[in-house]
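If you want the building blocks of each chain, they are given just below.
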Amino acid sequence: MRKSRIITGIGISAIALLALTACNSGAPGADPSDGGDGGTAAEQPWEVATDVTLEGSPTFDAMTERGGVVIGVKNDQPNLGFEDATTGDRSGFDVDVARWIAASLGFDEEQIEYVTIPSANREQALVNGDIDYYVGTYSITDSRKEQIDFAGPYFITGQGLLVAADNEDINGPDDLAGKVVCSVTGSTSLQRIRDEYPDAETTEFETYSACIEQLKNGQVDAITTDEAILAGYVQQDPEELKLAGEPFSEERYGVGIAKGDTALQEHINTLFTDGGDIWQAIFDANLAESGIEGEQPAVD
Ligand code: GLU
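Thresholds, definitions, all that
Sequence order as written defines the numbering, with residues in each chain counted from 1. Note on the predicted model: pLDDT of at least 70 is required for a residue's local features to be given, and 80 or more for side-chain atom pairs to be given and counted; whole-chain, interface and lining totals, by contrast, use all residues. Hydrogens and water are ignored here; the side-chain numbers use all heavy atoms of the structure. The nearness test applies per residue and asks whether one of its heavy atoms lies within 4 Å of the molecule or strand. Polar contact is the term for a pair of N or O atoms within 3.5 Å; when the atoms are in protein, one must be able to donate a hydrogen and the other to accept it, and sequence-neighboring residues count only if both atoms are side-chain atoms. Exposure was quantified through the Shrake-Rupley algorithm and a 1.4 Å probe, taking into account, for residues, occlusion by the shown protein chains and nothing else. In this analysis, axes come from line fits to C-alpha atoms, helices being fitted only over the stretch in contact, and the angle between any two N-to-C directions falls in the range 0 to 180 degrees. Helix and strand definitions follow DSSP, with helices as H or I runs of at least four residues and strands as E runs of at least two, each counted in order from the N terminus. Angular relationships are summarised with four words: roughly parallel below 35 degrees, roughly antiparallel beyond 145, roughly perpendicular across 65 to 115, and oblique for the angles in between. Crossing handedness is read from the near helix: turned anticlockwise from the far helix by less than a right angle, it gives a left-handed crossing, and turned clockwise, a right-handed one. Two residues qualify as a contact provided that any one of their heavy atoms is within 4.5 Å of a heavy atom in the partner residue. Any residue outside Ala, Val, Leu, Ile, Met, Phe, Trp, Tyr, Cys, Pro, Asp, Glu, Lys and Arg is labelled polar, Gly included; the first ten of those are nonpolar and the last four are charged. Any two cysteine sulfur atoms within 2.5 Å of one another count as a disulfide. The rule is simple: take the accessible area with a 1.4 Å probe, protein chains only, and divide by the maximum for that residue type; under 20% is buried, over 50% is exposed, in between is partly exposed. Note on pairing: two strands pair once DSSP finds at least 2 bridges between them. Centres within 6.5 Å are what make two rings of Phe, Tyr or Trp a pair, Trp counting through its six-membered ring; a difference in plane orientation under 30 degrees is then read as stacked, over 60 as edge-to-face, and the rest as tilted.

Q: I'm lost on the site of the ligand in this one. Help?
A: Close to the ligand lie 16 residues, the nearest being Ser119, Thr137, Ser139, Tyr208 and Asp226. Within the side chain of Arg122, an N or O atom sits 2.9 Å from an oxygen atom of the ligand. Note that an oxygen atom of the ligand is positioned 2.6 Å from one of the side-chain N or O atoms of Tyr208. Surface burial for the ligand is 100%, taken as the share of its 280 Å² of free accessible area covered by protein chains.

Q: It is not clear to me how the packing of helix 3 (residues 93–104) against helix 10 (residues 278–286) should be interpreted in this structure. Could you clarify?
A: Any two packed helices are characterised by the angle at which their axes cross and by the distance between the axes. Relative to each other, helix 3 and helix 10 sit at 150 degrees, their axes nearing to 9 Å. As far as their axial angle goes, helix 10 and helix 3 are roughly antiparallel. In this structure, the crossing between helix 3 and helix 10 has a hand that is right-handed. Here Phe93, Asp96, Val97 and Trp100 of helix 3 come into contact with helix 10, specifically with Ile278, Trp279, Ile282, Phe283 and Asn286. Residues belonging to the contact of helix 3 with helix 10 are distributed by class as follows: 7 nonpolar, 1 polar and 1 charged.

Q: When you look at the packing of helix 3 against helix 9 (residues 262–273) in this model, what are you seeing that I'm missing?
A: Contact pair helix 3 / helix 9: the axes reach a minimum separation of 11 Å and the direction vectors enclose 110 degrees. For the element pair helix 3 / helix 9, the angle class is roughly perpendicular. Considering how the two elements wind past one another, helix 3 and helix 9 form a crossing that is right-handed. Of the residues in helix 9, those touching helix 3 at Val97, Trp100, Ile101 and Ser104 are His267, Ile268, Leu271 and Phe272.

Q: For this particular structure, what's the right way to read the state of the cysteines?
A: What we call a disulfide is simply a covalent bond connecting the sulfur atoms of a pair of cysteines. As enumerated under the stated definition, the model contains 1 disulfide in all. One disulfide in the model links Cys182 with Cys211; its S-S distance is 2.1 Å. Its torsion about the S-S bond being -75 degrees, the disulfide of Cys182 and Cys211 is classed as left-handed. Separated by 29 residues along the polypeptide, Cys182 in strand 9 (residues 180–184) and Cys211 in helix 7 (residues 208–216) bring together distant segments of the chain. Its relative accessible area of 0% is what places Cys182 among the buried residues. Overall, Cys211 belongs to the buried group, its relative accessible area being 0%.

Q: So what exactly am I meant to see when it comes to unusual backbone geometry here?
A: One can expect most non-glycine residues to show negative phi and most peptide bonds to be in trans. Here the residue pair Gly152 and Pro153 is connected by a cis peptide bond, since its omega of 10 degrees sits within 30 degrees of zero. With respect to the helices and strands, Pro153 occurs in strand 7 (residues 148–157). Here Asp51, not a glycine, exhibits a phi torsion of approximately 55 degrees, which is positive. Topologically, Asp51 is positioned in the loop between helix 1 (14–23) and helix 2 (58–66). When its relative accessible area of 77% is taken as the criterion, Asp51 is described as exposed. Despite not being glycine, Asn79 has its phi angle at roughly 75 degrees, a positive value. Residue classification places Asn79 among the buried residues on the basis of a relative accessible area of 3%.

Q: Explain the sheet that holds strand 3 (residues 81–83) here, please?
A: Spatially, 3 strands are ordered 2-3-4 in an open sheet, and the strand pairing comes out antiparallel. Of all the strands in the sheet, the pair left with one neighbour each is strand 2 (76–77) and strand 4 (90–91). The pairing of strand 2 with strand 3 spans 2 bridges and is classified as antiparallel. Residue pairing in the sheet places Gln77 in a bridge with Gly81 of strand 3.

Q: Sorry, what's going on with the packing of aromatic side chains here?
A: Aromatic ring pairs are reported here in terms of the distance separating the ring centres and the angle at which the planes meet. Within this structure, the stated rule accounts for 14 aromatic pairs. Considering the side-chain rings of Trp100 and Phe272, the 5.6 Å spacing of their centres and the 50 degrees angle between planes classify their relative orientation as tilted. Highlighted residues: Trp100 in helix 3 and Phe272 in helix 9, separated in sequence by 172 residues. Both residues of the pair, Trp100 and Phe272, count as buried. Ring geometry for Tyr197 against Phe248: centres 5.9 Å apart, planes inclined by 80 degrees, an arrangement best described as edge-to-face. Highlighted residues: Tyr197 in the loop between helix 6 (188–196) and strand 10 (201–205) and Phe248 in the loop between strand 12 (241–244) and strand 13 (251–258), separated in sequence by 51 residues. Take Tyr197 and Phe248: they sit in the same class, and that class is buried. A connected cluster of aromatic rings, assembled from ring pairs, spans Phe93, Trp100, Tyr154, Phe155, Tyr253, Phe272, Trp279 and Phe283.

What follows is the structure, encoded as structure tokens:
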């Protein structure tokens, strides 16, 4: 069920529009009265499953006993994993993927507890059993697979650069020599700059939003991480921020799960493979407006 489609933000489905009002108010096309059959569409494109059984999954057994699911997410990445500071509402592509998985296991929104976990702490949270699974711009890598397993991939993006809108000097990672670039502790983004562009000076924080503050204050010259993340910040502040150059890696996002829980891994992979139009609806509702292009990848 591969799909190839470039989204312009025009002609978005009613489902997408409803979801957009939660996370992108003010964005073009975000007004449900703009189109579709306004208000008649279901709020979520998935249904909560009933009478679910999942043989041999310790994670599912724990969820069932608890009567709820604990999901690790990000909270400061617009369009991906975001928490509205005023309402506490969670939104974004990753959050919706997390909800879709929960629904497939029989849990509705009231039964979900979200835990915000920064990049550096993801493996440990899964190893400790603090969360049932993690959905938050989490690249599948061999070194992470030593501690945990991944379902997916469910999205592919690439590492990019974010600079001030008036910056003309930085147009790719080779231009970072002698410049200060900000990224996040424990991310593939930071590691790649250190490994492959050692002439760049790096500074690291726990979150990408902290890097945004640094860039706006003129403390750093650039921010590096996945373009899907950076595009969300540009969308929020196009007067001040812009993407620079082309993506220079392939980041394959997976759902982090406890090592050895192959029953859960297979359940999630089957959900992605057999999900029909749900992936596209989630993508359209959350990521299309930022100009990010995407198609659903085949699972591993
Ligand atoms: N996808 C990259 C990673 O997993 C960067 C984004 C992040 O820190 O979550 O390390």
